[in-house]
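Secondary and tertiary structure notes
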Amino acid sequence: MVIYGIYIVSKSGGLIYNYDHNIPRVETEKTFGFPLDIKLEYENKKVVVVFGQRDGINVGHVLLSVNGSPVSGRTTEDGRDVFDIIGVKDSYPLSLKFGRQRATTNEKIVLASMFYPLFALASQLSPVPKCSGIDTLTADSFKLSCFQTLTGLSCVKFILVTDPNMQGSDVVLRRIYELYSDYALKNPFYSLEMPIRCELFDTSLHTLLELVEKSGTSNL
Amino acid sequence: MSSSRSKTSILDKPLSKGKGEVSLALYALLFSEIVQYCQNRSHSIHELQTKLSEMGYDVGTRLLDLYFVRERNSKREIKLLNMLLFIKSTLWKVLFGKEADKLEHANDDERTYYIIEKDALVNKFISVPKDKGSLNCASFNAGIIEAVLTNGGFPAKVTAHWHKGTTYMVKFEDVVIARDKCLDDR
């Protein structure tokens, strides 16, 4: 019953709130011998695995540290270029740590704005008229539940990302909707469609998530 | 042409008991709109608080007689402490459903009293952003208190502060303190 995160998408499709609760850190550290059988490349200011997926190190993972010292961009802490270290035979055996990079705020905004047309698509593709859009999206490692507000003009969508065995996510989503209508909509300093920056909303949301994780959704 | 029943105006009917309960959500939305209205017409935090206080003043003026008739059986208070206790307990109870937490007298200044409450009802859903700093929307309540005191014969100035929750600092004029002393001496 783990909740990974909450996203709130406004009527126009922009992300107005995001909270990462428990994103598991995917990291693998391995010792390698010369020559390195994983192909690395430097793109988007990060050293990324491009080919040679094995043992928990997947394509797209980012190089996090070399021999224990963290890597920023393509240089280690002491200023040496990572590719130089990897190319030289003397540095081996070499211990490299790879992991999944956390999504930046910009990336999250892009992803959220991609959800929005997906929902529209789903409601139009439906063979039954008056479909409300995507309700649940299940993948192998997570489940995404969505709740769309009923007041037609401002259809805010509440998206909850949880582990696949989560039950009762619609109850949680309704409670988040209640919190939104209390601490965001009744706040005179909050304007509609803007990112939610209300302290009371944050604190009550955290409390709700902790309550759900501890005792489940039965007593909500 | 002439109706068989005579139309009774509102002034002929006896005073009603009052509704007793109003939806909290409705009140919160109304108050949120009041704050936004005042904010659009102010250029500084101080001005915003003054405008809120003035709106509260208008409300308080109308509350004074009504609640003395309803709750105190049309008998008005002439002693300072009793008036403050009336505000702290009776008035707060009918307005917000609970009494204010504390009433204190300042140690150093005889003219200053403090009414303290931990969570003002009007602030329940309001998160003040960082750039608004010390704004306290309970200035509205401060305006109510000021109107009740001033129109009740105890001229005073009331301001709201963030201290132990929300503190309303009541500053009476010298006349009031002097008169109250005479009443006690008699």
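Please read all numbers here as calculations on a predicted model, not as lab measurements.

Conventions we followed
- Residues numbered from 1 in each chain as written.
- Chains lettered and ligands numbered in written order.
- Predicted model: local features only at pLDDT ≥ 70, side-chain atom pairs only at ≥ 80, totals over all residues.
- Heavy atoms only, no water.
- Helix = DSSP H or I, 4+ residues; strand = E, 2+ residues; numbered from the N terminus.
- Rg over C-alpha atoms; globule rule 2.2 N^0.38 Å.
- Contact = heavy atoms within 4.5 Å.
- Buried < 20%, exposed > 50% of the residue type's maximum accessible area, 1.4 Å probe, protein only.
- Lys, Arg positive; Asp, Glu negative; His and termini not counted.
- Charge placed at Lys NZ, Arg CZ, Asp CG, Glu CD.
- Pairing = 2+ DSSP bridges.
- Axes fitted to C-alpha atoms, helices over the stretch in contact; angles between N-to-C directions.
- Salt bridge = Lys/Arg side-chain N within 4 Å of Asp/Glu carboxyl O.
- Buried area = accessible area lost by both parts, 1.4 Å probe.
- Polar contact = N/O pair within 3.5 Å; in protein donor to acceptor, adjacent residues only side chain to side chain.
- Nonpolar A, V, L, I, M, F, W, Y, C, P; charged D, E, K, R; others polar.
- Expected span 1.5 Å × (residues − 1).
- Bend = angle between axes of the 7 residues up to and from the residue.
- Phe/Tyr/Trp six-rings, centres within 6.5 Å; stacked < 30°, edge-to-face > 60°.
- pLDDT = per-residue confidence, 0-100.

Quick notes on the overall build of chain A
Scanning chain A from terminus to terminus reveals 4 helices and 12 strands. Computed over the C-alpha atoms, the radius of gyration of chain A is 22 Å, more than 25% above the 17 Å expected from 2.2 N^0.38 for a compact globule of 220 residues. Over its C-alpha atoms, taken along the principal directions, chain A stretches across nearly 65 × 40 × 35 Å. Relative to all contacts within chain A whose residues are 6 or more apart in sequence, the contacts with residues 24 or more apart total 54%.

What about the overall build of chain B?
In terms of regular secondary structure, chain B is built from 5 helices and 4 strands. When the helices and strands of chain B are placed in sequence order, the string is α-α-α-β-β-α-β-β-α. With respect to the principal axes defined by its C-alpha atoms, chain B has extents near 65 × 50 × 30 Å. Among the 186 residues that make up chain B, the fraction classed as buried is 38%. A distance of 6 Å separates the average location of the 28 positive side-chain charges in chain B from that of its 24 negative side-chain charges.

With respect to the sheet that holds strand β2 (residues 112-117) of chain B
All names here are of chain B. On the basis of which strands lie adjacent, the open sheet formed by 4 strands has the order β1-β2-β4-β3 and antiparallel pairing. Lying at the two open borders of the sheet, with one neighbouring strand each, are β1 (102-105) and β3 (156-162). Between one strand axis and the next, the sheet turns through 20 degrees on average, direction left out of account. Of the pairings in the sheet, the one linking β3 to strand β4 (residues 166-172) comprises 7 bridges and is antiparallel in character. Residue pairing for β4: His161 is matched across the bridge by Thr167.

Concerning the sheet that holds strand β10 (residues 136-138) of chain A
All names here are of chain A. If you trace the 5 strands from one edge of the open sheet to the other, you get β2-β1-β12-β11-β10, paired in antiparallel fashion. Every interior strand has two partners, whereas the edge strands, β2 (15-20) and β10, have only one. Across the sheet, the axes of successive neighbouring strands diverge by a mean angle of 10 degrees, strand direction being ignored. Examined bridge by bridge, strand β1 (residues 3-9) and strand β12 (residues 157-162) share 6 bridges and lie antiparallel to one another. Pairing of Tyr7 across the sheet is with Ile159, part of β12. On the sheet, helix α2 (residues 105-125) packs against β1, β2, β11 (143-148) and β12 and is oriented at approximately 115 degrees with respect to β2.

Points about the pattern of salt bridges
A complete count under the given rule lists 11 salt bridges over all chains for this structure. Residues Lys130(B) and Glu199(A) are paired through a salt bridge, measuring 3.9 Å at the closest nitrogen-oxygen approach. In this pair, Lys130(B) sits in the loop between β2 and α4 (139-151) while Glu199(A) sits in helix α4 (residues 199-215), so the two residues belong to two different chains. Measuring nitrogen to oxygen at the nearest pair gives 4.0 Å for the salt bridge that ties Glu146(B) to Lys157(B). Residue Glu146(B) is located in helix α4, and its partner Lys157(B) is located in strand β3; the two are separated by 11 residues in the primary sequence.

Remarks on the interface of chain A and chain B
Each side of the interface is counted separately: chain A has 10 residues, and chain B has 16 residues. Of the roughly 1100 Å² buried where chain A meets chain B, counting both sides, 65% is carbon and sulfur surface. When the buried area of chain A at its contact with chain B is split by residue, Lys186(A), Pro188(A) and Phe189(A) rank highest and sum to 61% of it. Remark: the boundary between chain A and chain B carries 1 salt bridge. Counting every contact that joins chain A to chain B gives 2 residue pairs in polar contact (both at pLDDT 80 or more). Counting only elements with at least two residues in the side of chain A that touches chain B, the list comes to α3 (169-184) and α4 of chain A. Of the residues that constitute the side of chain A that touches chain B, the class distribution is 6 nonpolar, 1 polar and 3 charged.

Concerning helix α3 (residues 80-96) of chain B
Counting along an α-helix, one turn takes 3.6 residues, and residues three or four places apart therefore face a common direction. Residue and element names in this part refer to chain B. Here α3 contains 17 residues, and its C-alpha end-to-end distance of 23 Å stays within 8% of the 24 Å for a straight helix at 1.5 Å per residue. Its axis deflected by about 35 degrees at Ile87, α3 carries its strongest bend there. For α3, the full list of buried residues reads Leu80, Met83, Leu84, Phe86, Ile87, Lys88, Ser89, Thr90, Leu91, Trp92 and Phe96. Following α3 by one or two positions, Gly97 has its phi on the positive side, about 85 degrees.

So, the packing of aromatic side chains
Residues and elements named next belong to chain B. Per the stated rule, a full pass over the model turns up 14 aromatic pairs over all chains. Summarising the aromatic geometry, the rings of Trp92 and Phe96 are spaced 5.0 Å apart at their centres and angled 70 degrees between planes, so their arrangement reads as edge-to-face. A residue pair is termed a helical-turn pair when its members lie 3 or 4 positions apart in one helix, as Trp92 and Phe96 do in helix α3 at 4 residues. Assigned by exposure class, Trp92 and Phe96 land together as buried. Geometrically, the ring pair formed by Trp92 and Tyr168 is edge-to-face, given 5.6 Å between the ring centres and 70 degrees between the ring planes. Of this pair, Trp92 sits in helix α3 while Tyr168 sits in strand β4, and the two are 76 residues apart along the sequence.

Thoughts on the environment of Pro155(B)
All names here are of chain B. When you line up the elements, Pro155 lands in the loop between α4 and β3. Expressed as a C-alpha distance, the spacing of Pro155 and Lys75, which sit 80 residues apart in the sequence, is 19 Å. With sequence-adjacent residues up to four places away left out, Pro155 is seen in contact with Leu149, Thr150, Phe172, Glu173 and Val176.

Examining the side chain of Ser145(A)
Residues and elements named next belong to chain A. Its location among the elements puts Ser145 in strand β11. There is a polar contact of 3.1 Å between the side chain of Ser145 and the side chain of Ser169. Once you skip the residues sitting within four places of it in the chain, Ser145 turns out to touch Asp135, Thr136, Phe158, Ile159, Leu160, Ser169 and Leu173.

Observations concerning the side chain of Asn136(B)
Tracing the backbone shows Asn136(B) in the loop between β2 and α4. In this structure Asn136(B) touches Gln49(B), Asn123(B), Ala160(B), His161(B), Trp162(B) and Thr166(B), once residues within four positions along its chain are discounted.

Some words on the confidence of the model for chain B
Scored by pLDDT, chain B comes out at a mean of 89, with 96% of its residues at no less than 70. Taken element by element, chain B is modelled with least confidence in helix α5 (residues 174-185) of chain B, mean pLDDT 90, and with most confidence in α4(B), mean pLDDT 95.

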